[in-house]
Amino acid sequence: NRERQEIERLLLRHDCVAVWPPQEEFADYVDFCKTFLWPVFHDSMLGFQTTNVQFFSDTGWAAYTYINNVYARTVVRHTHESGIIWIQDYHLLMTPTFIARKVQKANIGLYLHTPFPSSDSFKSLPVREELLSGIFSCDQIGFQFFDYARAFLVSAKRIYGL
């Protein structure tokens, strides 16, 4: 507890706020990000084509949404209507949804450092619409390369029939 207080004090000097997610859920969240989302976003789904297939984990998804909500609640407590909120990478794709529900006029930006998967890979996800909804809750979306933006647009077009 004393260590946390010291970290929080040091972060406040830089206008930063610590987020302390529960460890058990955080471990499931990290596992879901590493074993499910990372391979999908990198179109590296060889692990899904073996005899030891890593199927979608409902527990992992629950942890992912829960931890995203933990981050969102922290942001909401420390922002104002006209604040600018930047979210980084696929680990927090649901966070914009949870923020937008509480702060309707929030200016939310998302930057994806990872590739966006091909539309065939993305549309195979059981939570594709939830992830797209999180992304579409943003006012601005940034991609590292044009090809990643194009893959996102193709996925959105094919999933939503735009």
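The preceding data block contains the structure.
This write-up is about the structure you can find in this document. Small disclaimer: the values here were computed from a predicted structure and weren't measured.

**Points about the pattern of salt bridges**
Then step 1. Inspection of the entire model under this criterion finds three salt bridges.
Then step 2. As a salt-bridge pair, R9 and E6 come within 2.5 Å of each other at their nearest N and O atoms. Of this pair, R9 and E6 both sit in helix α1 (residues 2–12), three residues apart, which is roughly one turn of that helix.
Then step 3. You can call R9 partly exposed: its relative accessible area is 39%.
Then step 4. By relative accessible area, E6 is classed as partly exposed at 35%.
Then step 5. A salt bridge links D147 to R150; the shortest N-O distance between them is 2.4 Å. Of this pair, D147 and R150 both sit in helix α7 (residues 146–160), three residues apart, which is roughly one turn of the helix.
Then step 6. Residue D147 is classed as partly exposed on the basis of its relative accessible area of 46%.
Then step 7. When its relative accessible area of 41% is taken as the criterion, R150 is described as partly exposed.

**Remarks on the nonpolar core**
Then step 1. Residues L37, Y64, L93, F116 and L131 are the most contacted members of the largest nonpolar core, which totals 39 residues.
Then step 2. Considering every element that reaches this core, the biggest residue donor is helix α2 (residues 23–41), with seven residues.

**Quick look at helix α3 (residues 58–77)**
Then step 1. For α3, spanning 20 residues, the distance from its first C-alpha to its last is 28 Å, which sits close to the expected 28 Å at 1.5 Å a residue.
Then step 2. Among all positions in α3, only G60, W61, A63, Y64, T65, I67, N68, V70, A72 and T74 are buried.
Then step 3. Elements in contact with the buried residues of α3: α2, α4 (95–102) and α6 (128–136).
Then step 4. By the N-cap criterion, in which a side-chain oxygen at the helix start approaches the backbone nitrogen of a residue two or three places on, α3 is capped by S57, the distance to T59 being 3.4 Å.

Rules used throughout
Along each chain, residue indices are assigned from 1 in the same order as the chain's sequence is written. Local features in this predicted model are restricted to residues whose pLDDT is 70 or higher, and side-chain atom pairs enter the listing and the counts only when it is 80 or higher, whereas totals over whole chains, interfaces and linings include all residues. The side-chain numbers reported here are obtained from all heavy atoms of the structure, hydrogens and water having been left aside. By definition, a salt bridge exists where a carboxyl oxygen of Asp or Glu is found within 4 Å of a side-chain nitrogen of Lys or Arg. Helix and strand assignments come from DSSP, with helices taken as H or I runs of at least 4 residues and strands as E runs of at least 2, each series counted from the N terminus. Accessibility here uses a 1.4 Å probe with only protein chains present; expressed as a share of the type maximum, an area under 20% marks a residue as buried, one over 50% as exposed, and anything in between as partly exposed. The term nonpolar core refers to a set of buried residues drawn from Ala, Val, Leu, Ile, Met, Phe, Trp, Tyr and Cys, joined through side-chain atoms within 4.5 Å. Any helix carries an expected span of 1.5 Å times its number of residues minus one. By definition in these notes, contact holds between two residues if any of their heavy atoms fall within 4.5 Å. We define a polar contact as two N or O atoms separated by no more than 3.5 Å, with the added condition that, inside protein, one atom must be a possible hydrogen donor and the other a possible acceptor, whereas residues neighbouring each other in sequence contribute only through side-chain atom pairs.

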